[in-house]
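Chains, contacts and geometry: an overview
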Amino acid sequence: CNEVPEEPVLSLKSNCIFEKRLIIKYVKENGKDPVSGEDMEEDDLVNINSTPVAKPRPPSATSIPALLKSLQDEWDACMLHSYTVRQQLQTTRQELSHALYQHDAACRVIARLTKELTAAREALATLKPQAGVTSAAASAQPVEQMEVEESAQEIGLTKAIIQKLQDTSVALTSERKKRGKTVPEGLATTGDIGKYAETASLPGLHSASTKGILAIDLQGGSPTRIVTGGVDKNVVVFDRTEDKIIATLKGHSKKVKKVIYHPTEDIVFSGSQDSTVRVWSVPESSSRHVIKVHDNAITGVSLHATGDYLLSSSADQLWAFSDLQSGRVVTKSDHGDGQDVFTCAEFHPDGLIFGTGTSNGIIKIWDLKERTNVANFSGHSAPITDISFSENGYYLATAAEDSTVKLWDLRKLKNFKTISLED
């Protein structure tokens, strides 16, 4: 064909050059040299090394129309490839979108299961202390019922109790007179208070599923101990030095609104919306006494200066004075007129009088020995939220839902300062 062979070989029989693939095919079919006709095998062929020769363009690619057609074909092939790639990209995007949706759904399921697991663990932790006394449940319930019934019975203000209260009052009064009217050393100034900043945050003290801390107090003898009451019905004691929870006290059936840490003993007091006041032993993580004297939510608790008695107020219009050693009520007030619900309560530093805030905005001062209302302060236009006596016992600060704080002089029985807070 007068074409240069791509892979030339030399025949030893005829000394002619052939295309290797063609001569091998011919020898296999005929077994002879095509030129000389002699018998021939593949071993009679010798490869010839040659430089590859570029084939000339076919006649169809030498004219302008042929070149245009060739370019058009290549363009069509590129467009077809681009379309295929775009289809694959769209498919990949859909698959990715579906995978992200599945991932989001999985995260939601995991979050829900984690929440349910946390709730289940809390429920299990609540049930564990009760599991050991299941067999004695029949006998335990009457004992607890007996304790509650005994706590509701009044002991009465005996001469010994009155004498103890008076001795404490005299001692505290004389100490205050010695200190005089000078400002205590080390008292924070207004400038110091303005520079206060957060130094630590303590998340995770209470339930993650039932969030909210409603009450907090520090132990007087050890400010590093903190007690909190939460929406989760628990009382938690946290030690900042050890940076861990010392005790989680469970027993209330509703929100814990008030907590107090005893200044000298490892004892905590709590008041709850379940109408009970509990006395807790922190080292034992257990309830010593359940004071059941009220019929409605506890709104205030205050520790007497002796450290042996506790004042409680409730939405049932009663205040009660209880002995912490026995867990029994010493005395309590009579039922009110149905209008002035107690919203808070606080002992005077001397301990012979105390104050209560009411839902109609009146602050009442009570004589503990006589169980009588000896003075009233009116001026707030909304329920009282908190009251606090000054350390020297001369003044009283009150706060109410009308966004005001009022300062009262107990000697003159009048308001001498009103602070209005902005919304």
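Here's what I pulled together on the structure shown here. All values derive from a computational prediction rather than experimental measurement. (Residues numbered from 1 in each chain as written. Predicted model: local features only at pLDDT ≥ 70, side-chain atom pairs only at ≥ 80, totals over all residues. Heavy atoms only, no water.)

This part is about the sheet that holds strand β18 (residues 362-367). Strand pairing in a sheet relies on backbone hydrogen bonds, with the paired strands running either antiparallel or parallel. Pairing is antiparallel in the open sheet, where four strands are placed in the order β16-β17-β18-β19. Edge positions in the sheet fall to β16 (342-347) and β19 (372-378), since each has one partner strand and no second. For this sheet, the mean inter-axis angle between neighbouring strands, taken without regard to orientation, is 25 degrees. Note: β18 against β19, six bridges, orientation antiparallel. The residue of β19 that forms the bridge with isoleucine 363 is phenylalanine 377. (Pairing = 2+ DSSP bridges. Helix = DSSP H or I, 4+ residues; strand = E, 2+ residues; numbered from the N terminus. Axes fitted to C-alpha atoms, helices over the stretch in contact; angles between N-to-C directions.)

Okay, the nonpolar core next. Counting 14 residues, the largest nonpolar core has Phe269 and Leu310 as its most contacted members. Sorting the residues of this core by element identifies β9 (267-272), β10 (277-281) and β12 (298-303) as the ones contributing at least two each. With three residues, β12 is the largest single contributor of residues to this core. Look past the residues within four positions of phenylalanine 269 in its chain and what remains in contact with it is Lys258, Val259, Ile260, His262, Arg278, Val279, Leu303, Leu310 and Leu324. (Core = buried A, V, L, I, M, F, W, Y, C linked by side-chain atoms within 4.5 Å. Buried < 20%, exposed > 50% of the residue type's maximum accessible area, 1.4 Å probe, protein only. Contact = heavy atoms within 4.5 Å.)

Roughly 720 Å³ of internal volume is contained in the second largest pocket. Taken together, 36 residues form the lining of the second largest pocket, with Val259, Ile260, Val301, Ala345 and Glu346 sitting closest to its centre. Put simply, the parts of the chain that give the lining of the second largest pocket at least two residues each are β4 (213-218), β8 (256-261), β12, β16 and β20 (384-389). Across the lining of the second largest pocket, the residue classes tally to 17 nonpolar, eleven polar and eight charged. (1 Å grid on protein atoms, 1.4 Å probe; cavity = no way out; pocket = protein on both sides within 12 Å on 5 of 7 lines; lining within 4 Å. Points joined across faces, edges and corners; volume = space filled by probe spheres on them. Nonpolar A, V, L, I, M, F, W, Y, C, P; charged D, E, K, R; others polar.)

This part is about the packing of aromatic side chains. When we look at a pair of aromatic rings, we describe it by the centre distance and by the angle of the planes. The full count for this structure, using the stated rule, is ten aromatic pairs. Ring centres 6.4 Å apart and planes at 10 degrees place the aromatic pair phenylalanine 354 and tryptophan 366 in the stacked group. Placement of the pair is phenylalanine 354 in strand β17 (residues 353-358) and tryptophan 366 in strand β18, with a sequence separation of twelve residues. Each member of the pair, phenylalanine 354 as well as tryptophan 366, carries the same accessibility label: buried. Linked through ring pairs, Tyr309, Trp319, Phe321, Phe342, Phe347, Phe354 and Trp366 together constitute an aromatic cluster. Positioned above the aromatic ring of tyrosine 394, the side-chain terminus of arginine 411 is 4.4 Å from the ring centre. (Phe/Tyr/Trp six-rings, centres within 6.5 Å; stacked < 30°, edge-to-face > 60°. Lys NZ or Arg CZ within 6 Å of the ring centre and 35° of its normal.)

The final tally for this structure, using the stated rule, is ten salt bridges. Between arginine 225 and aspartate 239 there is a salt bridge, with its nearest N and O atoms 2.8 Å apart. Of this pair, arginine 225 sits in strand β5 (residues 225-230) while aspartate 239 sits in strand β6 (residues 235-239), placing them 14 residues apart in sequence. Both residues of the pair, arginine 225 and aspartate 239, count as buried. Taking the shortest distance from any N to any O, the salt bridge between aspartate 266 and arginine 225 comes out at 3.3 Å. Taken as a pair, aspartate 266 in the loop between β8 and β9 and arginine 225 in strand β5 lie far apart in primary sequence, 41 residues in all. (Salt bridge = Lys/Arg side-chain N within 4 Å of Asp/Glu carboxyl O.)

Before going further, it helps to spend a moment on the environment of aspartate 232. With respect to the element layout, aspartate 232 can be found in the loop between β5 and β6. Note: C-alpha distance between aspartate 232 and alanine 208 (24 residues apart in sequence) is 9.0 Å. With residues up to four places along the chain from it excluded, the contact list for aspartate 232 reads His206, Ser207 and Thr210. Of note is the side chain of aspartate 232, whose polar atom sits 3.1 Å from the backbone nitrogen of asparagine 234. (Polar contact = N/O pair within 3.5 Å; in protein donor to acceptor, adjacent residues only side chain to side chain.)

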